[in-house]
Amino acid sequence: MIQDDLARTEGFRTRWPHAARYARVNGWRMHYVDEGHGDPVLLLHGNPTWGFLYRDVIPPLLQAGYRVIVPDMIGFGLSEKPPREQAHSLDGHIANLTGLVRQLDLRRLAVVCHDWGGPTGLSFAMNNPDRVRALTVMSTWAWAAPPAEFHTRVFPWRTMHAPLVGPYLLGRHNVLAGRGVYLSVVDREKFRREAQPVYEAVLPDPAARLLTWTWPRWIPLDAEARAARRFAWLEERLARSALPTLIVWGREDDVFDAATFAARFKRLLPHADGPHLVTGRHFLQEDSGAAIGALIAAFLGRLDGGGAVR
Amino acid sequence: MTEVAIIDAPAAGDTRRELLLTEDRLGHYPEFRAFFIRAFDLDRVGLARPGHVRAPSGLVYALVFVGRSGEAFPCGVEIHAVVDALEPLDEAVADRDLWSILQWMIAGVGPPWTVEDLRATGRLYRIPAAG
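Reading guide: rules and limits
- Residues numbered from 1 in each chain as written.
- Chains lettered and ligands numbered in written order.
- Predicted model: local features only at pLDDT ≥ 70, side-chain atom pairs only at ≥ 80, totals over all residues.
- Heavy atoms only, no water.
- Contact = heavy atoms within 4.5 Å.
- Salt bridge = Lys/Arg side-chain N within 4 Å of Asp/Glu carboxyl O.
- Polar contact = N/O pair within 3.5 Å; in protein donor to acceptor, adjacent residues only side chain to side chain.
- Helix = DSSP H or I, 4+ residues; strand = E, 2+ residues; numbered from the N terminus.
- Nonpolar A, V, L, I, M, F, W, Y, C, P; charged D, E, K, R; others polar.
- pLDDT = per-residue confidence, 0-100.
- Pairing = 2+ DSSP bridges.
- Axes fitted to C-alpha atoms, helices over the stretch in contact; angles between N-to-C directions.
- Parallel < 35°, antiparallel > 145°, perpendicular 65-115°, else oblique.
- Left-handed = near helix turned anticlockwise from the far one by under 90°.
- UniProt positions renumbered as here; feature names shortened; annotations may be inferred.

## Quick notes on the interface of chain A and chain B
Right, on to step 1. With 26 residues of chain A in contact, the opposing surface of chain B contributes 33 residues.
Right, on to step 2. One can count three salt bridges joining chain A with chain B.
Right, on to step 3. Across the salt bridge formed by Arg172 of chain A and Asp95 of chain B, the nearest N and O atoms sit 3.0 Å from each other.
Right, on to step 4. Across the contact surface, chain A and chain B share 11 residue pairs in polar contact (both at pLDDT 80 or more).
Right, on to step 5. Those elements that place two or more of their residues in the side of chain A that touches chain B are helix 7 (154-160), helix 8 (165-172) and helix 9 (176-183) of chain A.
Right, on to step 6. Here the side of chain A that touches chain B takes six residues from helix 7 of chain A, the largest share from any one element.
Right, on to step 7. By residue class, the composition of the side of chain A that touches chain B is 14 nonpolar, five polar and seven charged.

What follows is the structure, encoded as structure tokens:
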């Protein structure tokens, strides 16, 4: 049904011409795209998007001679959507991603992370360093504290996913995939025209939207948070990492503002290239997809040209 | 807020429960769980029976509390409309009632949670019941 709805969405096939592939990972059915040849680039989305977020990032990477793999997180896009909150954990999602990479036997990976694709993708990278050669981070985080100021506010963020309110607003009314993303892009009319129906179509029913209010509840707000230990581990591992890294951030990002979050990544990974600021709020790929693709391709090209792969 | 009232269990009659909302993690903010324990005397009642409220439309809603091994009780709650056994639900009415029940809950939980913030969140995200 989702595929039918997508096919009826005006211009969808032009913007997303990729064949659907599926893999069984960690007990779940995961959808992914696998295009091109060459060293692989893994593009990881977050909440509440799916691979479609990277539609304009993919072509420059393919043109530069890379293989591009874009998985949909279990619970989003065209992947299986478990019906219970207990099916989701940060560690479980890291394991899901690990399952896909091992199944495809991807090596010399460039891991590109956005939003929850950061904690999952970066944790995967730190736990599988022999498979990864470079990182890119965009509007994400990798530490337990302090949280983004946006995430500490009762209005609107904490109210939005409070008990029963989350299932009502994000479940019954799909507000994150609809208005939530709309509010977090720069060119809202373009987003409404080209992308909003696609994001809404893959989350057609309240039960399918479970992860949209489950992920916010995994953001550590204090030391007792469920994921605090994993984030502490991730930060510690990243601080010791010498992996070539590219930092790209939305100039207008008001969820993970560049002055705080891009700057902290730069302190954590002082050898990183960037931050490169592009037009964009939290969902910066919606406004600057092609530019981001070109930045990543150029960054990887410099690594390859310089021979400083590891 | 006075539009939602806790009531005794209604006579079963020829009705059914229509599941509308499921919360798997009532203790995500523990004060929400504490509110339901107070409101429905759950430390004494436990899983013996659901709680019931009457919403502004006059419809009755059953609150079915959920226990889970290793977690504080209740760990979850389901909200069901109690409707005529063979009649479809009026979704618009149920949605407005749910919005009223959420406001009643937030008022009961208390600061820092406020009905004003809930309403503002509803308006920001264009929830029809939030006006």
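## Observations regarding the confidence of the model for chain B
Right, on to step 1. Within chain B, residue pLDDT values average 96, and 98% of them lie at 70 or more.
Right, on to step 2. Scored as a complex, the prediction yields pTM 0.96 and ipTM 0.97.

## Points about the pattern of salt bridges
Residues and elements named next belong to chain A.
Right, on to step 1. Within this structure, the stated rule accounts for 25 salt bridges over all chains.
Right, on to step 2. Here Arg192 and Glu189 are joined by a salt bridge, their closest N and O atoms 3.7 Å apart. Of this pair, Arg192 and Glu189 both sit in helix 10 (residues 188-194), three residues apart, which is roughly one turn of the helix.
Right, on to step 3. Here the residues in one salt-bridge network are Asp39, Arg108, Arg133 and Asp304, joined through shared partners.

## Examining the sheet that holds strand 5 (residues 109-114) of chain A
Residues and elements named next belong to chain A.
Right, on to step 1. Taking strand neighbours across the sheet as the criterion, the eight strands line up as 1-2-4-3-5-6-7-8 in an open arrangement whose pairing is mixed. Strand pairing shows two members of the sheet lacking a second neighbour, strand 1 (21-25) and strand 8 (273-278), which therefore form its edges. For this sheet, the mean angle separating the axes of adjacent strands, direction not counted, is 25 degrees.
Right, on to step 2. Bridge count for strand 2 (residues 28-35) against strand 4 (residues 67-71) is four bridges, and the pairing is antiparallel. Residue pairing for strand 4: Val33 is matched across the bridge by Val70.
Right, on to step 3. Across the sheet, helix 5 (residues 117-127) is in contact with strand 3 (40-44), strand 5 and strand 6 (132-138); its angle to strand 5 comes to roughly 155 degrees.

## Some remarks on the environment of Pro156 of chain A
Right, on to step 1. Residue position: Pro156 of chain A is located in helix 7.
Right, on to step 2. With 33 residues separating them along the chain, Pro156 of chain A and Glu189 of chain A place their C-alpha atoms 23 Å apart.
Right, on to step 3. The residues contacting Pro156 of chain A, other than those within four sequence positions of it, are Thr121, Leu124 and Tyr125 of chain B.

## Observations concerning the packing of helix 5 of chain A against helix 13 (residues 228-239) of chain A
Residues and elements named next belong to chain A.
Right, on to step 1. Remark: helix 5 packs on helix 13, axes separated minimally by 10 Å, with the N-to-C direction vectors making an angle of 55 degrees. It follows from the interaxial angle that helix 5 and helix 13 lie oblique. For the element pair helix 5 and helix 13, the recorded crossing hand is left-handed. On helix 13, the residues touching Pro119, Leu122, Ser123, Met126 and Asn127 of helix 5 are Arg230, Phe231, Trp233, Leu234, Arg237 and Leu238.

## Considering the UniProt feature "domain: AB hydrolase-1" (unreviewed entry) in chain A
Right, on to step 1. The positions that UniProt labels "domain: AB hydrolase-1" (unreviewed entry) are, in the present scheme, residues 40-287 of chain A.
Right, on to step 2. When the span residues 40-287 of chain A is considered, its composition is 40% helix and 14% strand, and the gap between its end C-alpha atoms is 24 Å.

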